[in-house]
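The primary structure of each chain is shown beneath.
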Amino acid sequence: DTGVSQNPRHKITKRGQNVTFRCDPISEHNRLYWYRQTLGQGPEFLTYFQNEAQLEKSRLLSDRFSAERPKGSFSTLEIQRTEQGDSAMYLCASSLDGGVNEQFFGPGTRLTVL
Amino acid sequence: AQSVSQHNHHVILSEAASLELGCNYSYGGTVNLFWYVQYPGQHLQLLLKYFSGDPLVKGIKGFEAEFIKSKFSFNLRKPSVQWSDTAEYFCAVNEYSSASKIIFGSGTRLSIRP
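A brief structural summary. (Residues numbered from 1 in each chain as written. Chains lettered and ligands numbered in written order. Predicted model: local features only at pLDDT ≥ 70, side-chain atom pairs only at ≥ 80, totals over all residues. Heavy atoms only, no water.)

1. Considering the overall build of chain B
Stated formally: Secondary structure follows DSSP: runs of H or I at least 4 residues long count as helices, runs of E at least 2 residues long count as strands, and numbering of each begins at the N terminus. In this treatment the radius of gyration is a C-alpha quantity, and the globule benchmark scales as 2.2 Å times the residue count to the 0.38 power. The buried label goes to any residue with under 20% of its type's maximum accessible area, the exposed label to any with over 50%, and the partly exposed label to all in between, with areas taken from a 1.4 Å probe on protein chains only. Residues count as neighbours in contact if any of their non-hydrogen atoms are within 4.5 Å of one another.
Looking only at helices and strands, chain B features zero helices and twelve strands. On C-alpha atoms alone, chain B measures out to a radius of gyration of 14 Å, which is about the 13 Å that the 2.2 N^0.38 rule sets for 114 residues. With the C-alpha coordinates of chain B rotated into their principal frame, the extents come out at 40 × 25 × 20 Å. Of all 114 residues assigned to chain B, the portion counted as buried reaches 48%. For chain B, long-range pairs separated by at least 24 residues make up 55% of all intrachain contacts whose partners lie at least 6 apart in sequence.

Shown next, in the form of structure tokens:
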């Protein structure tokens, strides 16, 4: 399967714990995006990488959130001191550099904070 | 700021009925426009996209969309729906030639009665 993959697919945690999600983009894609989707809403942009550089961060991304893409391939999204409001589906997408920006999405990681 | 409005939250149709889902966007410049679909239990998939040229865009599974610049609209249509079209449909926009985020609408849930 050469699509975008995300792990884990589901995560249940207690409030105050830290969680980390991983995204593996399509291999030749150098752009990588993180979105968050809550029930009844469309995905909301969190942050975006071009290779290993984090080029844009949404105001939704509080100080408790951090994302990395150390070698320009896979990316991790960490949430520290989780809160119940962090419960959502976290989506990763990737796209090719240059020209149009057709983003390919992964299956997401569903986070439940108890 | 860019925004996307989808007027119908939930649409219920019988098989073979015609479909039109409304989408309006707010942005003053040139845009790329997308419709994504999310089938039950599956991840977001691109249905069709508009970047330039012919404003009538054809996508997969018999869907099409028409970009009307003067109305800032990009409505999705299908002449005859099938039960397998049951899904959530998201209209989305991003700035032309931008590598940045896609802005999604809140989605329209389509239910098809067999």
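2. Quick notes on the state of the cysteines
Under the convention used in this document: By disulfide we mean two sulfur atoms from cysteines, separated by a distance within 2.5 Å.
The tally for this structure, following the rule as stated, stands at two disulfides over all chains. Linked covalently through their sulfurs, Cys23(A) and Cys92(A) form a disulfide whose S-S length is 1.8 Å. Here the S-S torsion is close to -70°, and the disulfide linking Cys23(A) with Cys92(A) is therefore left-handed. Of this pair, Cys23(A) sits in strand β3 (residues 19–24) while Cys92(A) sits in strand β9 (residues 88–95), and the two are 69 residues apart along the sequence. Residue classification places Cys23(A) among the buried positions, given a relative accessible area of 0%. With relative accessibility at 0%, the residue Cys92(A) sits in the buried group. The side chain of Cys23(B) participates in a disulfide bridge whose partner is Cys91(B); the two sulfur atoms lie 1.9 Å from each other. Its torsion about the S-S bond being -70°, the disulfide of Cys23(B) and Cys91(B) is classed as left-handed. Here Cys23(B) is found in the loop between β3 (19–21) and β4 (24–26), whereas its partner Cys91(B) is found in strand β10 (residues 87–95), with 68 residues between them in sequence. The exposure class of Cys91(B) is buried, given its relative accessible area of 0%.

3. Details of the interface of chain B and chain A
The test is simple: Buried area adds together the accessible area that both of two parts lose upon being put together, with accessible area traced by a 1.4 Å probe. Each reported salt bridge corresponds to a side-chain nitrogen of Lys or Arg within 4 Å of a carboxyl oxygen of Asp or Glu. Any pair of N or O atoms that falls within 3.5 Å is considered a polar contact. Within protein, one atom must be able to donate a hydrogen and the other to accept it, and sequence-neighbouring residues count only if both atoms are side-chain atoms. Residues are grouped as follows: Ala, Val, Leu, Ile, Met, Phe, Trp, Tyr, Cys and Pro are nonpolar; Asp, Glu, Lys and Arg are charged; all remaining types, including Gly, are polar.
Counting residues at the interface gives 20 residues for chain B, matched by 21 residues for chain A. Taken together, the two surfaces of chain B and chain A that pack against each other cover about 1600 Å², and 57% of this comes from carbon and sulfur. Linking chain B with chain A are two salt bridges, by the criterion used here. As a salt-bridge pair, Glu102(A) and Lys49(B) come within 3.1 Å of each other at their nearest N and O atoms. Linking chain B to chain A there are four residue pairs in polar contact (both at pLDDT 80 or more). The element that contributes the greatest number of residues to the side of chain B that touches chain A is strand β5 (residues 31–38) of chain B, accounting for three residues. For the side of chain B that touches chain A, the per-class residue count stands at nine nonpolar, nine polar and two charged.

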